[in-house]
Amino acid sequence: MEPAVAARLAVTALTPLLRKLFVSEGPGAGIVDRPVRLSGLVSFRGTKQVLRQGDLHRLVAELVRRAAAGRGPREQPTAEVRTELANALFVALRSVGDLQMDDVQVAGLEPSRFARELASPGALSSEAEAYYGPLLEAACEQILHFFTQRSTFVARTLVEQTRALGELDTKVDRLLDRTPSAVAEDARFEERYAAHVAQRHGELTIYGLDSAHTREWPLDAAYLTLEATDRWDTPLRSDDVLADRDRVLLRGAAGSGKTTLIQWLAVAAARQPERGHEDLTYLVGRVPFVLPLRRVLRDGEPPTPDRFLHAAGSNLAGAQPAGWADRVLAGGRALLLIDGIDEIPANSRAATRRWIRELARDYPGNLWLVTARPASVDEDWLSADGFGELSLAPMSRTNVLAFVKRWHRAADADRELADALIGSIRAGSDLGALAVNPLMCGLLCALHRDRRGFLPHSRKDLYEAALAMLLERRDLERGIQRDQGLRLSREVQVQLLQKLAHWLIRNDRAEMDRDDARAQLARALGHMPDLGTDAEGVLRHLLSRSGLLREPAYGRVDFVHRTFQDYLGAKAAVEEGDFPLLLNNAHKPQWEDVLRMAVALARPAERARILTGLIDALPTSDAPEDRRRRVHAVLLATSCLDQATELDPDVRRRVRDRATALVPPRDGNSARRLAELAGPLVLGLLPGPDAVSDEQARHIVVTAAHLGTDDCLAVLARYRDHPSLAVRSQLAWSWHRFDTRQYAEEIIGHLDPANLYFPAHNDAHLRALQLLGGRPRVQVTASYCPEKLAARLDPAQLRGIWLRGQNRAGEDWEWLTRFPHLETVLIEGPHTHLRRCLPDHVTVISPSERRQQERLTSSAVGIPIPVLHGDSET
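This report concerns the structure included in the present document.

Criteria and thresholds
Residues numbered from 1 in each chain as written. Predicted model: local features only at pLDDT ≥ 70, side-chain atom pairs only at ≥ 80, totals over all residues. Heavy atoms only, no water. Helix = DSSP H or I, 4+ residues; strand = E, 2+ residues; numbered from the N terminus. Buried < 20%, exposed > 50% of the residue type's maximum accessible area, 1.4 Å probe, protein only. Contact = heavy atoms within 4.5 Å. Pairing = 2+ DSSP bridges. Axes fitted to C-alpha atoms, helices over the stretch in contact; angles between N-to-C directions. Phe/Tyr/Trp six-rings, centres within 6.5 Å; stacked < 30°, edge-to-face > 60°. Lys NZ or Arg CZ within 6 Å of the ring centre and 35° of its normal. Parallel < 35°, antiparallel > 145°, perpendicular 65-115°, else oblique. Left-handed = near helix turned anticlockwise from the far one by under 90°. Nonpolar A, V, L, I, M, F, W, Y, C, P; charged D, E, K, R; others polar. Expected span 1.5 Å × (residues − 1). Arc of directions from axis to C-beta. Patch = residues over 30% accessible without salt bridge, like charges linked within 9 Å, V, L, I, M, F, W, Y side chains within 5 Å. Areas by Shrake-Rupley, 256 points an atom, 1.4 Å probe, with all protein chains shown as cover. Salt bridge = Lys/Arg side-chain N within 4 Å of Asp/Glu carboxyl O. Lys, Arg positive; Asp, Glu negative; His and termini not counted. Charge placed at Lys NZ, Arg CZ, Asp CG, Glu CD. Core = buried A, V, L, I, M, F, W, Y, C linked by side-chain atoms within 4.5 Å. Polar contact = N/O pair within 3.5 Å; in protein donor to acceptor, adjacent residues only side chain to side chain.

**What to know about the overall build of the protein chain**
(1) Moving on: From N to C terminus, the protein chain includes 37 helices and 17 strands.
(2) Moving on: When burial is assessed residue by residue, the protein chain has 53% of its 874 residues classed as buried.
(3) Moving on: Taking contacts inside the protein chain between residues at least 6 apart in sequence as the whole, the part at least 24 apart equals 67%.

Dropping the structure here:
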């Protein structure tokens with residue numbers, strides 16, 4: 001008999017007979033809490049006998065007869081073969097009761113293995129043998145199926161399986177402990193490393209807060225989301241710079257928040273984004289490596305992955321498993337945060353670039369963020385390897401006000417002081433121009449509190465006041481006794497700190513060896529014999545008491561912020577008449593602040609010498625590098641004018657004339673650079689809308705808006721009636737840089753709404769649009785509550801809505817059906833569910849899809865592509 005026939009017969013004919021081999025369960029069978037032995041289940045053994053020997057013989061004979069009936073008349077076995085087959089099956093099935101097994105054990109067997117456990121009938125004829133094997137195996141399959149259907153078997157099996165799995169889990173754990181696994185060892189180390197990163201980078205130093213008021217803030221409470229822009233001036237949140245990009249070179253001025261962003265990303269990745277932070281899902285599973293270049297290059301060579309932690313000074317460097325960093329990078333799980341291209345010597349940057357490029361090529365799939373000052377490296381420095389370039393914008397007015405409030409809460413200062421400072425920032429253009437980054441905001445807050453509301457109005461005065469507060473008044477007012485036998489006045493400390501700063505800028509360094517610091521101090525102390533102390537004692541005093549010098553790693557010394565180094569270095573250069581040194585290095589971006597502070601600190605004739613040297617001693621060729629240096633020098637000289645309180649009028653006029661030739665800017669990068677370097681002075685150089693093209697008009701708006709001061713509103717107001725959609729879009733998007741109500745009244749309320757999406761960065765913007773009577777198209781850029789958003793929008797006129805990055809899974813989109821005139825919904829990400837919720841006449845589309853459609857339409861009919869602000873193309 002073929003096995004297929006036997007299997008078919010087992011289901012249709014053999015099952016009722018085989019069931020008689022076993023005792024039916026009684027009412028109490030369900031409480032059995034242990035496996036049941038087979039001898040207690042078979043119907044011809046034990047106390048519940050149902051079948052006798054003769055009954056079993058007849059049952060087996062009937063099995064054989066039914067099996068034979070499945071063959072054709074000419075294929076059926078003979079009577080002798082049937083008898084031989086029945087006797088063999090009798091011997092095998094009767095032995096079921098003799099098996100030393102229980103029902104759970106038997107059910108775990110395969111049918112063929114169960115058949116081998118049964119008694120062998122001895123030698124069979126070849127014809128009987130052909131029937132016996134398939135028939136016995138089919139019978140065993142049904143018997144095993146019977147056990148799995150018993151009411152107590154299922155529960156008992158689950159218990160047995162649970163116990164077996166528990167024993168297996170214990171054994172596996174013991175095996176892992178005894179035989180270290182790279183995966184398990186890596187996982188344990190990464191858990192420890194994540195806690196280390198969160199602790200090491202989880203606090204932010206806010207300069208201007210002394211230790212009496214806790215200088216270190218928890219990063220979560222102190223961090224402010226700033227704005228970054230790409231080369232098309234497309235804005236995005238600073239903490240989203242890696243959300244849609246794998247590799248980014250981020251430029252930002254001194255104190256703009258680059259290092260703070262590095263810290264925030266590292267801590268966010270270490271803690272792993274929690275529920276409610278869907279916008280941070282790109283950090284899930286990432287292992288952060290924070291690599292400050294001025295520290296990791298201290299030995300002159302960039303580190304290999306296995307040396308990352310050691311180079312960064314991590315205490316866990318020796319505890320990492322062998323090859324762990326390589327496995328993380330090879331798996332594409334790393335978040336590489338390389339900070340401070342501008343803080344390493346210029347002659348080391350080419351080697352650093354090769355190191356970054358080779359790592360990126362050898363280990364694809366990881367996330368990269370490299371930071372630098374705006375002009376420390378050329379444009380497209382890493383673009384050949386897929387690095388996009390973004391720039392950190394100055395703090396918006398909203399950011400500044402939020403920072404001031406947080407600072408005063410952390411310092412436990414009077415609320416009236418915070419309100420007074422906010423009022424001064426809003427009213428005074430000079431003061432508002434100083435509050436451009438967290439460092440300067442912190443100093444303004446500290447000085448405002450320290451001076452009972454009186455503030456300096458220039459950067460030079462601000463630094464001088466900060467030095468007085470940090471070097472002298474802080475310890476006196478806190479009652480801290482000076483070191484016994486060591487009395488250093490503020491003037492002496494400034495002189496000594498100047499020597500260190502001058503050495504650093506002269507040697508193009510951001511850190512110095514402790515031995516070099518002692519040598520510079522010893523040389524200075526040779527001219528100060530009355531101090532009666534050695535260089536080591538002075539260095540210890542400056543590190544512990546000045547608040548300006550620190551030891552970031554053993555044997556290394558630097559300033560708490562590069563801005564203080566630049567100021568003190570400039571002061572030393574001016575006092576020593578080092579003007580050729582200043583001019584020879586003016587083309588280097590790390591010298592920009594040094595030049596500005598030198599002009600502020602110099603005497604009138606010295607200022608004229610510096611500014612004349614900047615604009616006159618320039619290459620005249622049209623080579624791209626020479627042209628870049630000319631533009632940089634003119635903009636730098638222009639930015640120095642507001643530091644020159646007294647200056648030859650002819651020199652001032654010549655600098656302004658040179659700057660006028662650079663206006664209007666030719667592209668978005670030039671516009672931002674013009675604002676960053678020239679500062680508020682550029683406002684007087686910007687022409688009106690009648691004298692420029694549409695493209696130039698947009699770049700002028702970028703320049704003015706980038707400054708973010710109230711003085712800019714007069715310039716921007718001249719462009720509010722401009723017909724270009726690109727210009728109107730840029731004006732609308734710049735709203736968040738200014739006071740909400742004032743900008744709404746002076747700019748937003750005057751913009752032609754045709755095809756323009758009005759951005760709402762927060763609920764205050766939505767309220768302002770509501771007070772203006774609503775707008776037909778609105779772009780929502782922040783998190784929103786659907787009900788609250790629906791209440792802010794006007795059902796009578798809403799035609800389009802752009803939900804930027806808000807397509808949350810499971811959101812109920814029913815609220816959009818309340819707007820009968822809605823025509824377009826722009827949304828990023830999947831939108832199939834939203835499409836099903838809206839009427840057919842509503843177009844649901846992503847910004848990229850719409851941009852592609854507009855590109856095809858415009859190329860076909862020759863019209864300009866409309867701007868989708870917030871998108872990457874215009």
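The rest of the description comes next.
**As for the pairing of strand β8 (residues 367–372)**
(1) Moving on: Judged by how many residues are buried, β8 sits mostly within the fold: six of six residues are covered.
(2) Moving on: Residues Leu 367, Leu 369 and Thr 371 point to one face of β8 and Trp 368, Val 370 and Ala 372 to the other, with burial holding for every one of them.
(3) Moving on: Note: strand β7 (residues 334–339) against β8, four bridges, orientation parallel. Each bridged residue has a counterpart across the sheet, and for Leu 336 the counterpart in β8 is Trp 368.

**Re the sheet that holds strand β3 (residues 227–229)**
(1) Moving on: If you trace the seven strands from one edge of the open sheet to the other, you get β4-β3-β9-β5-β8-β7-β6, paired in mixed fashion. At either end of the open sheet lies a strand with only one pairing partner, and these are β4 (235–237) and β6 (287–292). Strand-to-strand twist across the sheet, computed as the mean angle between neighbouring axes with direction ignored, equals 25°.
(2) Moving on: Running over the sheet, helix α10 (residues 258–271) touches β5 (247–251), β6, β7, β8 and β9 (388–392) and is turned about 165° from β7.

**Describing the packing of aromatic side chains**
The description of two aromatic rings rests on the distance between their centres and on the angle between their planes.
(1) Moving on: Applying the stated criterion across every chain, the model contains 13 aromatic pairs.
(2) Moving on: Note on Phe 189 and Trp 324: the rings are 4.8 Å apart at their centroids and 75° apart in plane angle, and the pair reads as edge-to-face. Of this pair, Phe 189 sits in helix α8 (residues 182–200) while Trp 324 sits in helix α13 (residues 324–330), and the two are 135 residues apart along the sequence.
(3) Moving on: Among the residues examined, Phe 189 registers a relative accessible area of 5% and is labelled buried.
(4) Moving on: Overall, the relative accessible area of 0% leaves Trp 324 in the buried class.
(5) Moving on: Put simply, the rings of Phe 189, Tyr 193, Phe 289, Phe 308, Trp 324 and Trp 355 touch in pairs and so form one group of aromatic residues.
(6) Moving on: Its end group placed over the ring of Phe 758, Arg 775 keeps NZ or CZ at 5.2 Å from the ring centre.

**Remarks on the sheet that holds strand β14 (residues 777–780)**
(1) Moving on: With parallel pairing, the five strands of this open sheet are ordered in space as β13-β14-β15-β16-β17. Looking at the sheet topology across the chains shown, the edges are occupied by β13 (758–760) and β17 (843–845). Taken pair by pair, the neighbouring strands of this sheet meet at an average axis angle of 15°, ignoring direction.
(2) Moving on: Pairing between strand β16 (residues 824–827) and β17: three bridges, direction parallel. Counterpart to Leu 826 in the pairing with β17 is Ile 845.

**With respect to unusual backbone geometry**
Trans is the common state for peptide bonds, and a negative phi is the common state for residues other than glycine.
(1) Moving on: The step from Val 663 to Pro 664 runs through a cis peptide bond, and the omega angle for that step is 0°.
(2) Moving on: Position of Pro 664 relative to the elements: it lies in the loop between α28 (649–660) and α29 (668–678).
(3) Moving on: The phi torsion at Asp 508 lies on the positive side, around 55°, for a residue other than glycine.
(4) Moving on: Checked against the element boundaries, Asp 508 lands in the loop between α20 (490–506) and β10 (512–513).

**A few points about the environment of Glu 606**
(1) Moving on: Mapped onto the elements, Glu 606 comes out in helix α26 (residues 604–616).
(2) Moving on: Given a relative accessible area of 12%, Glu 606 falls into the buried group.
(3) Moving on: Along the primary structure Glu 606 and Gly 577 are separated by 29 residues, whereas in three dimensions their C-alpha atoms are 8.9 Å apart.
(4) Moving on: Contacts of Glu 606, omitting those with residues within four sequence positions, involve Val 574 and Phe 579.

**Details of the packing of helix α21 (residues 514–525) against helix α22 (residues 535–545)**
(1) Moving on: Packing of α21 against α22 brings their axes to within 9 Å, and their N-to-C directions diverge by 110°. Regarding the angle of α21 to α22, the classification is roughly perpendicular. Crossing hand, α21 versus α22: right-handed. Contacts from Arg 514, Ala 517, Arg 518, Leu 521, Ala 522 and Leu 525 of α21 reach α22 at Ala 535, Glu 536, Val 538, Leu 539, Arg 540, Leu 542 and Leu 543.
(2) Moving on: Residue composition of the contact of α21 with α22, grouped by class: nine nonpolar, no polar and four charged.

**Here we look at helix α14 (residues 349–362)**
(1) Moving on: Taking 1.5 Å of rise per residue, the 14 residues of α14 would be expected to cover 20 Å, and the 20 Å separating its terminal C-alpha atoms lies within 8% of that figure.
(2) Moving on: Restricting attention to buried positions, one finds in α14 the residues Arg 349, Thr 352, Trp 355, Ile 356, Leu 359 and Ala 360. For α14, the angular spread of the buried residues around the axis is 125°, confining them to a single face. Within α14, the exposed residues directed more than 90 degrees away from the buried face are Arg 354, Arg 361 and Asp 362.
(3) Moving on: Residues of α14 that are buried make contact with β5, β6, α11 (293–296), α12 (308–311), β7 and β8.

**Brief notes about a positive patch on the surface**
(1) Moving on: Residues Lys 405, Arg 409, Arg 415 and Arg 426 make up a contiguous surface patch of positive charge.
(2) Moving on: Among the elements of the structure, α15 (397–410) and α16 (415–427) are those that each provide at least two residues to the positive patch.
(3) Moving on: Along the chain, Arg 409 turns up in helix α15.
(4) Moving on: For Arg 409, a relative accessible area of 60% puts it in the exposed group.

**Here's the deal with the nonpolar core**
(1) Moving on: Ranked by internal contacts, the top residues of the largest apolar core, which has 154 residues, are Leu 265, Phe 289, Leu 369 and Leu 611.
(2) Moving on: Setting aside anything within four residues of it in sequence, one finds Leu 369 in contact with Val 241, Leu 242, Val 248, Leu 250, Leu 261, Ile 262, Leu 265, Leu 336, Leu 337 and Ile 338.
(3) Moving on: Of all hydrophobic cores here, the second largest spans 62 residues; its members include Ala 659, Leu 683, Tyr 719 and Ala 760.

**Quick notes on the pairing of β6**
(1) Moving on: Counting buried positions along β6 gives six out of six residues, so the element sits mostly inside the fold.
(2) Moving on: Alternating residues of β6 divide into Val 287, Phe 289 and Leu 291 and Pro 288, Val 290 and Pro 292, and every residue in both groups is buried.
(3) Moving on: Examined bridge by bridge, β6 and β7 share six bridges and lie parallel to one another. By the bridge assignment, Phe 289 is partnered in β7 with Leu 336.

**Side note on the pattern of salt bridges**
(1) Moving on: Taken as a whole and assessed by the stated rule, the structure comprises 33 salt bridges.
(2) Moving on: Among the ionic pairs, Asp 763 bridges to Arg 767, the shortest N-O distance being 2.7 Å. With Asp 763 and Arg 767 both in helix α34 (residues 763–771) and four residues apart, this pair spans about one turn of that helix.
(3) Moving on: Look at Asp 763 and you get partly exposed, because its relative accessible area is 21%.
(4) Moving on: For Arg 767, a relative accessible area of 39% gives the class partly exposed.
(5) Moving on: Here the residues in one salt-bridge network are Arg 294, Glu 511, Asp 513, Arg 556 and Asp 558, joined through shared partners.

**Digging into the packing of α20 against α21**
(1) Moving on: Between α20 and α21, the shortest axis-to-axis distance is 9 Å and the interhelical angle comes to 130°. Here α20 lies oblique to α21, going by the angle between them. Classified by chirality, the crossing of α21 by α20 is right-handed. Side by side, α20 and α21 meet where Leu 496, Lys 499, Leu 500, Trp 503 and Arg 506 of the first sit next to Asp 516, Ala 517, Gln 520, Leu 521, Ala 524 and Leu 525 of the second.
(2) Moving on: Broken down by class, the residue content of the contact of α20 with α21 amounts to seven nonpolar, one polar and three charged.

**Focus on α20**
(1) Moving on: Here α20 spans 24 Å end to end across 17 residues, near enough to the 24 Å set by a 1.5 Å rise per residue.
(2) Moving on: In terms of residue burial, α20 counts as a mostly covered element, since twelve of its 17 residues are buried.
(3) Moving on: All of the buried residues along α20 are Val 492, Gln 493, Val 494, Leu 496, Leu 497, Gln 498, Leu 500, Ala 501, His 502, Trp 503, Leu 504 and Ile 505.
(4) Moving on: Of the residues flanking the end of α20, it is Asp 508, one or two places downstream, whose phi is positive at about 55°.

**Focus on the side chain of His 736**
(1) Moving on: Along the chain, His 736 falls in the loop between α32 (725–733) and α33 (740–746).
(2) Moving on: Polar contacts involving the side chain of His 736 include one to the side chain of His 761, which spans 3.5 Å.

**Some points on the environment of Asp 578**
(1) Moving on: Among the structural elements, Asp 578 can be located in the loop between α23 (562–575) and α24 (579–584).
(2) Moving on: Overall, Asp 578 belongs to the partly exposed group, its relative accessible area being 21%.
(3) Moving on: A polar side-chain atom of Asp 578 sits 3.1 Å from a polar atom in the side chain of His 502.

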